[in-house]
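Here are the chains, one letter per residue:
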Amino acid sequence: MKVSAAAVALAFALVLANFADQSHGALQKGFYKGKCNVNVEKIVSDIITPLVGQKPWITPALLRMQFHDCFVNGCDASILLDGGSSEKTAIPNRSVRGYDIIDLVKAALEKSCPGVVSCADVVVMATRDAVAASKGGWYNVQTGRRDGLVSLAKNVNLPGSSISVENSAAIFNSKGISTKDMVHLLGGHTVGVTHCSFIKNRLYNFNNTGSTDPTMQTALAVFLKLKCPQTSTVDNTIDLDQGGRSLVIEGEPTSEIVDNSFYKQIAIRKGVLGIDQALALNKLTKNTVNKVAISSNNYFLTKFHQAMVKLGAVEVLTGTKGEIRKSCRAINKS
């Protein structure tokens, strides 16, 4: 049977139209170009960059916020919603910081480009800019996410600091993130702190033995016990990157810049959290850790950037799903 050229052209046009419909709302670089008369990403960067210079804690805070958001119902800014039983109220999220930073950015965007930029995208863009401001390099992020309508504390089930590598990998894999990318994402622990309460079991009663975790470097254990006395009621902070505030690179402590120092530390058994140290010892992850530890800092940054982009694509809402919130703390009134 002969098919006319016109029929072929019509069929091809229909296929293209269907493809365009399927890809509508998909994440993409520069999603907001042409949607406002302003440079959306520049507005975010102009706010975040100087703030990080004044308050270095913003970078680990936003990295943590993005992770906690994306691992519960996907990257939909559900962690930002207020409410008596919202995700914010879940125990793992009670120490999350940076909500006021997101509010500041969102307010600026609403003034210049109202009703267009999602809170979910604000989190991802702000985190990228914080990483860049902490000497972690700039990377392209995809945008086009929409904001979720549901935020429930009961849905929060995040991997803890003492989880096994196998169980952690299973959780990441269930989100479409490979075990290698999990190792690269945990490199975010190159900045930020934990508290004594999260490591006292490693120091004083590892696996109910009444002893110190044998995988922890002896000198580190001695130092941490001074910082975290067994009977102290003060919950001191501990740098996750034990490169130390005395080890200065480019004028700043390694614990305040995004670099591969974290991997160098866990490779010599100076991991603070149980999961961090386990990465360097477990057969599933130790080769990846060693590769990053011995490679250039640029190698780590490339892998970290790629993993952050993958994290930002977990279970996103696009197209007509969800909404674009006017305030990141509340769903829009109907």
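Residues numbered from 1 in each chain as written. Predicted model: local features only at pLDDT ≥ 70, side-chain atom pairs only at ≥ 80, totals over all residues. Heavy atoms only, no water.

Asker: A description of the environment of Asp181 should follow, citing residues and the corresponding values.
Answerer: Examined against the element boundaries, Asp181 turns out to sit in helix 7 (residues 179-185). Separated by 130 residues in sequence, Asp181 and Leu311 place their C-alpha atoms 9.1 Å apart. Non-local contacts of Asp181, meaning those with residues more than four positions away in its chain, are made with Ala307 and Lys310. (Helix = DSSP H or I, 4+ residues; strand = E, 2+ residues; numbered from the N terminus. Contact = heavy atoms within 4.5 Å.)

Asker: Please give an account of the nonpolar core that cites residues and values.
Answerer: Ranked by size, the top nonpolar core spans 85 residues in total, and within it Ile48, Met65, Leu80, Ile102 and Tyr263 carry the most contacts. At 9 residues, the largest contribution of residues to this core is made by helix 5 (residues 119-136). Residues in contact with Met65, not counting those within four places in the same chain, are Ile79, Leu80, Val96, Arg97, Gly98, Tyr99, Ile102 and Val123. (Core = buried A, V, L, I, M, F, W, Y, C linked by side-chain atoms within 4.5 Å. Buried < 20%, exposed > 50% of the residue type's maximum accessible area, 1.4 Å probe, protein only.)

Asker: How would you explain the packing of aromatic side chains if you had to name every residue and give the values?
Answerer: The description of two aromatic rings rests on the distance between their centres and on the angle between their planes. Counted under the stated rule, the structure contains 7 aromatic pairs. Centre to centre, the rings of Phe262 and Tyr263 are 5.3 Å apart; their planes meet at 80°, and the pair counts as edge-to-face. For the pair formed by Phe262 and Tyr263, the shared burial category is buried. Joined through ring pairs, the aromatic side chains of Phe262, Tyr263, Phe300 and Phe304 make up one cluster. Here Lys35 stacks its cationic end above the ring of Phe31, 4.1 Å away from the centre of that ring. Over the ring of Phe71 we find Lys175, and its NZ or CZ is 5.9 Å from the ring centre. (Phe/Tyr/Trp six-rings, centres within 6.5 Å; stacked < 30°, edge-to-face > 60°. Lys NZ or Arg CZ within 6 Å of the ring centre and 35° of its normal.)

Asker: Can you break down a nonpolar patch on the surface residue by residue, with the values?
Answerer: There is a patch of nonpolar side chains on the surface, built from Leu149, Val150 and Ile331 and spanning about 260 Å² of accessible area. Turning to its location among the elements, Leu149 is positioned in the loop between strand 2 (142-143) and helix 6 (165-174). The exposure class of Leu149 is partly exposed, given its relative accessible area of 49%. (Patch = residues over 30% accessible without salt bridge, like charges linked within 9 Å, V, L, I, M, F, W, Y side chains within 5 Å. Areas by Shrake-Rupley, 256 points an atom, 1.4 Å probe, with all protein chains shown as cover. Salt bridge = Lys/Arg side-chain N within 4 Å of Asp/Glu carboxyl O.)

Asker: Give me the pattern of salt bridges: which residues, what numbers.
Answerer: Within this structure, the stated rule accounts for 11 salt bridges. Residue Arg128 is joined to Glu41 by a salt bridge in which the shortest nitrogen-to-oxygen separation is 2.8 Å. In this pair, Arg128 sits in helix 5 while Glu41 sits in helix 2 (residues 40-54), placing the two residues 87 residues apart along the sequence. Taking the relative accessible area as the measure of exposure, Arg128 reaches 0% and is therefore buried. Among the ionic contacts, a cluster of salt bridges with common partners joins Asp82, Lys88, Asp103 and Arg329.

Asker: Explain the state of the cysteines to me, and be specific about the residues and the numbers.
Answerer: On inspection of all chains with the given rule, the structure shows 4 disulfides. A sulfur-sulfur distance of 2.0 Å marks the disulfide that ties Cys70 to Cys75. Across the S-S bond of Cys70 and Cys75 the torsion is about 120°, and the bridge reads as right-handed. Regarding the disulfides, the protein chain carries the connectivity 1-4, 2-3, 5-8, 6-7 under sequence-order numbering of its bonded cysteines. (Disulfide = S-S within 2.5 Å.)

Asker: With reference to specific residues and values, describe the confidence of the model for the protein chain.
Answerer: Overall, the prediction assigns the protein chain a mean pLDDT of 90, with 89% of residues at 70 or greater. Here residues 246-253 scores under 50 on pLDDT; set against residues more than four positions off or in separate chains, the count is 11 contacts. (pLDDT = per-residue confidence, 0-100.)

Asker: Could you give an account of helix 6, with specific residues and numbers?
Answerer: All of the buried residues along helix 6 are Val165, Ser168, Ala169 and Phe172. An end-on view of helix 6 places all buried positions within 100° of arc, on one side of the element. The inward-facing, buried residues of helix 6 abut helix 3 (58-70), helix 7 and helix 11 (274-279). Among the residues trailing helix 6, Gly176 stands out with phi positive, at a value near 85°. (Arc of directions from axis to C-beta.)

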